[in-house]
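So you can see what is in the structure, the chains are spelled out below.
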Amino acid sequence: MADACDLRSDRAQQMLDDALAARLQKASRPAIDHPYCLDCDEAIPLKRREALPGVECCVDCQAIREHKGVGNG
Ligand SMILES: [Zn+2]
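Computed from a predicted model, the values in this text were never measured in an experiment.

Rules behind the numbers
- Residues numbered from 1 in each chain as written.
- Predicted model: local features only at pLDDT ≥ 70, side-chain atom pairs only at ≥ 80, totals over all residues.
- Heavy atoms only, no water.
- Helix = DSSP H or I, 4+ residues; strand = E, 2+ residues; numbered from the N terminus.
- Buried < 20%, exposed > 50% of the residue type's maximum accessible area, 1.4 Å probe, protein only.
- Areas by Shrake-Rupley, 256 points an atom, 1.4 Å probe, with all protein chains shown as cover.
- Lys, Arg positive; Asp, Glu negative; His and termini not counted.
- Salt bridge = Lys/Arg side-chain N within 4 Å of Asp/Glu carboxyl O.
- Contact = heavy atoms within 4.5 Å.
- Donors = N, O, S within 2.8 Å, 3.2 Å for Na, K, Ca; no water.
- Tetrahedral: all angles 85-135°; square planar, octahedral: opposite > 155°, others 65-115°.
- Disulfide = S-S within 2.5 Å.

*Asks:* Outline the overall build of the protein, listing residues and values.
*Replies:* When you go through the protein residue by residue, the secondary structure sums to 3 helices and 0 strands. Moving toward the C terminus, one meets the helices and strands of the protein in the order α-α-α. Relative to its full complement of 73 residues, the protein shows a buried share of 12%. With the model as given, the accessible surface of the protein reaches about 6,500 Å², and the carbon-plus-sulfur share is 57%.

*Asks:* For the side chain of Arg-48, give the residues involved together with the corresponding values.
*Replies:* In this structure, Arg-48 sits in helix α2 (residues 46-51). It turns out Arg-48 is buried and unbridged, and the closest side chain with the opposite charge, Glu-66, is 6.7 Å from it. The contacts of Arg-48, once residues within four sequence positions are left out, are Val-55, Cys-57, Cys-58, Val-59 and Gln-62.

*Asks:* A description of the environment of Tyr-36 should follow, citing residues and the corresponding values.
*Replies:* Counting through the fold element by element, Tyr-36 comes out in the loop between α1 (2-28) and α2. Along the chain, Tyr-36 and Cys-57 lie 21 residues apart, while their C-alpha atoms are 7.0 Å from each other.

*Asks:* Residues and numbers for the coordination of the zinc ion, please.
*Replies:* Looking at the metal site, the zinc ion is ligated by Cys-37 (SG), Cys-40 (SG), Cys-58 (SG) and Cys-61 (SG), spaced 2.3 Å from it. One can describe the site at the zinc ion as tetrahedral: its 4 donor atoms subtend angles covering 105 to 120 degrees at the metal. One chain supplies every donor to the zinc ion, and in sequence these donors are spaced C-x2-C-x17-C-x2-C. Taking the relative accessible area as the measure of exposure, Cys-37 reaches 1% and is therefore buried. Take Cys-40: its relative accessible area is 37%, and that puts it in the partly exposed class.

*Asks:* I'd like a rundown of the state of the cysteines, residues and numbers included.
*Replies:* Chemically, a disulfide is nothing more than a covalent bond linking the sulfur atoms of two cysteines. Using the criterion set out here, one finds 0 disulfides in the structure. Summary of cysteine pairing: Cys-57 is not part of a disulfide, and the nearest cysteine sulfur, belonging to Cys-37, is at 5.0 Å.

So, in structure tokens, the structure goes:
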């Protein structure tokens, strides 16, 4: 009977370890760098990326996103 329990907890522990490792890996990086806009594939200027670490889109698409985001639904 104990075997099934041990197996389950082993798997759960493994998943926890994986999740923790992934989280630590993410945390070790300051932000994900996006050299290209996720919305229109336009190159995002280095200055903009330096000013906004982890920025995902160019100025134009950022404006569109913010405009869309107003009111949040
Ligand atoms: Zn864009």
